Amino acid sequence: MRPESNRPLDSRGRFLSTLLFGSRWLQVPLYLGLIAAQLVYVIHFMVELEHLIVGTFTLSEEAIMLIVLGLIDVVMISNLLIMVIVGGYETFVSRLNLKGHPDEPEWLSHVNANVLKVKLATAIIGISSIHLLKTFINAHNLTDKVLMWQTIIHMAFIFSAVSIAYIDKLMPHPSRH
């Protein structure tokens, strides 16, 4: 414990501390907005699923594959949203008090800002991989420049994620001591 933490705060210090700590609740509308964005993705998923089902006997194998990859992409983005909503709220706003709940995600019990960053980076790589696969399947309709830049961007995501994970590994963690 720091020695100055034993001193009582004056009224201005208490007010400022309360205000600063309470400001975390300003993030709640952001998380609610992400829930609304997830609803948009659910609707988009259902529309694309309908296209797939209606076109079952008329679509080419390539078109079916592109739609299915699009559905996978939506699911991965939705998973990313859940990680940000639940993990971010738990990390930066307030505890969810899910201990003992049968549906509590395993990763939530040890989430912190660094774990969340690494999980988000790997999720972004997965999403980028799906986009890149869709690009390669549709390569005959794209220029070499588009293919090159999408590959470079994907590699930048991989490099960033590896860098984040490496930096996290270098940082001291209280639970590792």
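Refer to the structure printed above.
In short, a report on the structure.

What counts and how
Residues numbered from 1 in each chain as written. Predicted model: local features only at pLDDT ≥ 70, side-chain atom pairs only at ≥ 80, totals over all residues. Heavy atoms only, no water. Phe/Tyr/Trp six-rings, centres within 6.5 Å; stacked < 30°, edge-to-face > 60°. Helix = DSSP H or I, 4+ residues; strand = E, 2+ residues; numbered from the N terminus. Buried < 20%, exposed > 50% of the residue type's maximum accessible area, 1.4 Å probe, protein only. Contact = heavy atoms within 4.5 Å. Axes fitted to C-alpha atoms, helices over the stretch in contact; angles between N-to-C directions. Parallel < 35°, antiparallel > 145°, perpendicular 65-115°, else oblique. Left-handed = near helix turned anticlockwise from the far one by under 90°. Nonpolar A, V, L, I, M, F, W, Y, C, P; charged D, E, K, R; others polar. Expected span 1.5 Å × (residues − 1).

1. Notes on the packing of aromatic side chains
- This structure, assessed with the given rule, holds 2 aromatic pairs.
- Ring centres 6.4 Å apart and planes at 75° place the aromatic pair Trp25 and Tyr89 in the edge-to-face group. One end of the pair, Trp25, is in the loop between helix H1 (11-22) and helix H2 (28-54); the other, Tyr89, is in helix H3 (residues 61-92), and 64 residues separate them in sequence.
- Its relative accessible area of 38% is what places Trp25 among the partly exposed residues.

2. Notes on the side chain of Ser128
- Among the structural elements, Ser128 can be located in helix H4 (residues 113-137).
- When near neighbours in sequence (up to four residues on either side) are disregarded, Ser128 contacts His154 and Phe157.

3. Brief notes about the packing of H2 against H3
- Between H2 and H3, the least distance of the axes is 10 Å, while the angle of their chain directions is 165°. With respect to H3, the element H2 is oriented roughly antiparallel. Crossing handedness for the pair H2 and H3: left-handed.
- Residues belonging to the contact of H2 with H3 are distributed by class as follows: 22 nonpolar, 4 polar and 1 charged.

4. A few points about H1
- Relative to the 16 Å expected for 12 residues at 1.5 Å per residue, H1 spans 16 Å between its end C-alpha atoms, a close match to the ideal helical length.
- Counting buried positions along H1 yields 1 of 12 residues, so the element is predominantly exposed.

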